[in-house]
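Spelled out, the chains give:
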Amino acid sequence: MNDDVRNIVLGLIATALSGGFGWFARTYLWRRNLRRKQVFFGLPTGSDCLFVVNRQMGGKESSVHRNDAFALLEISALIKDCGANVQIVTHDEARQGFGERAEFCVGGPASNTRTVAHLASMLPGVRVNMDSQEHEDRGAIQVGGEAYRWVRDRVEFVLLARLAGGEGGRPVFLLSGQTAVSNQAAARYLARNHKQLARKFGTDAFCLILKVVNSQAYGPDVTELAADVTRAALTPAAAAA
């Protein structure tokens, strides 16, 4: 074997080793990121999860607002990435406990009775004004001594929470917004920021208030963190007072 042939052979071997190492590293990182995502969402491969949809405000009992349907699509992509299966039920048909499988519950208490139950049992420090008459506190989310008020066409707020599961330990993700656009904004925020949330909170419960700015112009895209209200939300309001 002359020097030219030997150099070619060594080059091919080096290329194969480099390619193999690169493939192994990419596969390892992909699998690690997938495992972390599955743990955070409580969605191991082949598992089942529940998606609870609300009803459209002012619409028929079985109707779903377009933006709430978009929220479903945002979260469905996460579920598919984890290799899990989703069952979609309306809020008035979800008469079952929590913890045996992961759950995504979308909509404020005025449009989702399942949200009412979750707020009462797992977020006792949160109050939502559900008055039907127009006034400045209508729809306001009250927690930790602060009131996050909805200003039509200017500011909307949405509560995004990861709640500890019951028997079985699977989490409940609650997206309780003042409007359908804010529900979609929370779903998009969760999809974009789940890695950061997992690094900060791990598998612990958390409760965040997100602010949606000028949805008339920007839709659900301009969303910012207004406050981390985890401690106040998990503490009964009477005890906090």
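Placed above this text is the structure.
Read on for a plain summary of the structure. (Residues numbered from 1 in each chain as written. Predicted model: local features only at pLDDT ≥ 70, side-chain atom pairs only at ≥ 80, totals over all residues. Heavy atoms only, no water.)

### Details of the nonpolar core
In terms of nonpolar packing, the biggest core is built from 31 residues, with F41, L43, I75, F104, L175 and L190 touching the most fellow members. Of all elements in the fold, only helix 1 (3-41), strand 1 (48-53), helix 2 (66-81), strand 3 (102-106), strand 7 (155-163), strand 8 (172-177), helix 4 (180-201) and strand 9 (206-213) reach the threshold of two or more residues within this core. When residues of this core are assigned to their parent elements, the largest contribution, seven residues, is made by helix 4. Apart from residues lying up to four places away in sequence, F41 is in contact with L78, A102, F104, P171, F173, L190 and H194. With 23 residues, the next largest nonpolar core counts L119, I141, V155 and I209 among its residues. (Core = buried A, V, L, I, M, F, W, Y, C linked by side-chain atoms within 4.5 Å. Buried < 20%, exposed > 50% of the residue type's maximum accessible area, 1.4 Å probe, protein only. Helix = DSSP H or I, 4+ residues; strand = E, 2+ residues; numbered from the N terminus. Contact = heavy atoms within 4.5 Å.)

### Things to note about the packing of aromatic side chains
Scanning the model with the defined rule gives eight aromatic pairs in all. Judged by centre distance (5.3 Å) and plane angle (45°), the ring pair of F41 and F173 falls under tilted. A residue pair is termed long-range when its members are at least 10 positions apart, and F41 in helix 1 and F173 in strand 8 qualify at 132 residues. Across the pair, F173 and F41 agree in class, each one buried. Taking the centre distance of 4.6 Å and the plane angle of 25° together, the rings of F201 and F206 count as stacked. With relative accessibility at 1%, the residue F206 sits in the buried group. (Phe/Tyr/Trp six-rings, centres within 6.5 Å; stacked < 30°, edge-to-face > 60°.)

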